[in-house]
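# Descriptive structure summary
One letter stands for each residue in the lines below.
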Amino acid sequence: MGKTFRAIVVREREDGTFTRSIETRDTDELPPGEVLIRVHYTSVNYKDALSAIGNRGVTKNYPHTPGIDAAGVVEESSSADFKPGEEVLVTGYDLGMNTSGGMAEYIRVPASWVVRLPAGLSLKESMIYGTAGFTAALSVYKLTGAGVRPDAGEVLVTGASGGVGSLALRFLAKLGYRVVAAAGLVEESEYPRVEEKLKSLGASRVIPASEVNDTSGKLLLKGIWPGAIDTVGGNVLATVVKQAAYLGVVTTCGNTGGHELNLNVYPFILRGVTLIGIDSVECPMDLRLQVWEKMAGEWKPDNLEDFATEITLEQVEERFRLLLDKKSQGRAVVRVQ
Ligand SMILES: NC(=O)c1ccc[n+]([C@@H]2O[C@H](COP(=O)([O-])OP(=O)(O)OC[C@H]3O[C@@H](n4cnc5c(N)ncnc54)[C@H](OP(=O)(O)O)[C@@H]3O)[C@@H](O)[C@H]2O)c1
């Protein structure tokens, strides 16, 4: 017998529907791996909600414990790289997909997935960021690495009220960029509130998403953005690429607005535009560590705690519902212990 622990477990019923409850599990049931981690915090992502409702694109086999993010303390390690008592975090790879995830008091993972908690971050703060914050930071890292400088003009963030968008906005503002935030899902009556919030995060200007959702069918639009971080995808991404300035750089990480991309070659061959794909899941470890260093240091927002609400494992179910209904606001960090 290993150690018993509490975990959210998703089970498939005979009729094909799925149930979720908090169960007692045993660490002997966890998959093989070099590092056993006692999880202190996890976060709630859309992908976790999909796993929790039986989406086979995320999780093939049930029963399953979701949670693509986890931060905690090494309990046992057969890897020379990690010692018991060290604070660590894991995001992405297969965690929470087909490997038992962070919505549990323990995970066991390969050492190659584990990031030592960088100085300057608490376990909780690392999960306020979670995969959304890491994806935002990776997008900013790639945009700045491609040569978009703060004096180049206004840079754009789409889906700016979402988890990735709001953190990308904050990082860019902290680095001295003038950031235009495109926010679209809100009712007109809510616009002033959203505008105020996005400005408090550092947006110099807020525009309705309709301004980056062109339906004219034009092959190129007025070149505006020297840099843009798109988190929406679909026609919004196509519009942003057509609106990119000469040698403009656009990053793409999301598909909430659609997975298809109806584009033409002219932004690339007439304006030299660069489109950079962002993948947080399999991001190589050397790049991963560099990005986490930035997030813990010079890019860290002063008010990081304001980006998430702390909840318990019992409250995760309600959060899944809000995410699936597209009614969630801000991120949720889950205190597991
Ligand atoms: N590539 C990766 O490694 C990676 C990692 C994490 C997340 N992602 C993806 O990145 C995207 C953003 O993630 P997130 O955590 O920021 O999500 P989120 O918190 O749900 O925010 C998504 C935002 O997109 C905007 N949006 C525009 N059109 C939408 C539509 N039709 N349906 C829903 N939202 C729409 C909304 O902001 P406004 O109201 O401000 O427009 C919404 O707040 C998702 O597609 C997610 O799957 C990718």
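Residues numbered from 1 in each chain as written. Predicted model: local features only at pLDDT ≥ 70, side-chain atom pairs only at ≥ 80, totals over all residues.

### Here's the deal with the overall build of the protein
Scanning the protein from N- to C-terminus turns up eight helices and 15 strands. Radius of gyration (C-alpha) of the protein: 20 Å, near the 20 Å computed for a compact globule of 337 residues. Across its three principal axes, the protein shows a C-alpha extent of roughly 65 × 45 × 35 Å. A buried classification covers 48% of the 337 residues belonging to the protein. The contacts of the protein with a sequence gap of at least 6 include a subset with a gap of at least 24, amounting to 70%. (Helix = DSSP H or I, 4+ residues; strand = E, 2+ residues; numbered from the N terminus. Rg over C-alpha atoms; globule rule 2.2 N^0.38 Å. Buried ≥ 20, exposed ≤ 12 C-beta atoms within 10 Å, placed from the backbone. Contact = placed C-beta atoms within 7 Å.)

### Some thoughts on the packing of helix H2 (residues 123–145) against helix H3 (residues 163–174)
Where H2 meets H3, the axes come as close as 8 Å, and the angle between the chain directions of the two elements is 45°. Classified by the angle between their axes, H2 and H3 sit oblique to one another. The way H2 lies across H3 gives a crossing that is right-handed. Residues Ala132, Gly133, Thr135, Ala136, Ala137, Ser139 and Val140 of H2 form the contact with H3, whose participating residues are Gly163, Val164, Leu167, Ala168, Phe171 and Leu172. Residues that form the contact of H2 with H3 fall into these classes: nine nonpolar, four polar and no charged. (Axes fitted to C-alpha atoms, helices over the stretch in contact; angles between N-to-C directions. Parallel < 35°, antiparallel > 145°, perpendicular 65-115°, else oblique. Left-handed = near helix turned anticlockwise from the far one by under 90°. Nonpolar A, V, L, I, M, F, W, Y, C, P; charged D, E, K, R; others polar.)

### Some details on the domain arrangement of the protein
For an interface, size is often stated in terms of accessible area lost upon the parts coming together. Looking at the protein, the domain boundaries give domain 1 (4–120 + 304–335) and domain 2 (131–277). For domain 1 and domain 2, the distance between their C-alpha centroids amounts to 30 Å. Each side of the interface is counted separately: domain 1 has seven residues, and domain 2 has six residues. Considered class by class, the residues forming the side of domain 1 that touches domain 2 number two nonpolar, three polar and two charged. (Domains from an automatic or database assignment.)

### Topic: unusual backbone geometry
The residue after Tyr62, namely Pro63, is reached through a cis peptide bond having omega 5°. Mapped onto the secondary structure, Pro63 falls in the loop between helix H1 (46–52) and strand E4 (69–77). Positive phi, close to 50°, is recorded for Tyr93, a residue that is not glycine. Examined against the element boundaries, Tyr93 turns out to sit in the loop between strand E5 (87–91) and strand E6 (106–109). The class for Tyr93 is partly exposed, based on 17 C-beta atoms found within 10 Å. A positive phi is found at Lys326, a non-glycine position, where the angle reads about 55°. The topology assignment puts Lys326 in the loop between helix H8 (316–324) and strand E15 (331–335). Among the residues examined, Lys326 registers 9 C-beta atoms within 10 Å and is labelled exposed.

### Regarding the sheet that holds strand E10 (residues 203–208)
Taken in spatial order, the six strands line up as E10-E9-E8-E11-E12-E13 in an open sheet, and their pairing is parallel. Both edges of this open sheet fall to E10 and strand E13 (274–277), since each of them pairs with a single strand only. Across the sheet, the mean angle separating the axes of adjacent strands is 20° when strand polarity is ignored. Bridge count between strand E8 (residues 155–158) and strand E9 (residues 179–183): four bridges; the pairing is parallel. (Pairing = 2+ DSSP bridges.)

### With respect to the packing of H2 against helix H7 (residues 285–296)
One way to put it is that H2 packs onto H7 with a least axis distance of 10 Å and a crossing angle of 100°. For the element pair H2 / H7, the angle class is roughly perpendicular. Across the interface between the two elements, Tyr129, Gly133, Phe134, Ala137, Leu138 and Tyr141 from H2 touch Val291, Lys294 and Met295 from H7. The residue makeup of the contact of H2 with H7, split by class, is seven nonpolar, one polar and one charged.

### Overview of the nonpolar core
Among the nonpolar cores identified, the biggest contains 96 residues, and Ile107, Val157, Ala168, Leu169, Ala181 and Val240 are the most heavily contacted of them. Here this core takes 11 residues from H2, the largest share from any one element. The contacts of Ile107, once residues within four sequence positions are left out, are Leu30, Ile37, Val39, Ala70, Val90, Leu95, Ser100, Gly101 and Gly102. (Core = buried A, V, L, I, M, F, W, Y, C linked by C-beta atoms within 7 Å.)

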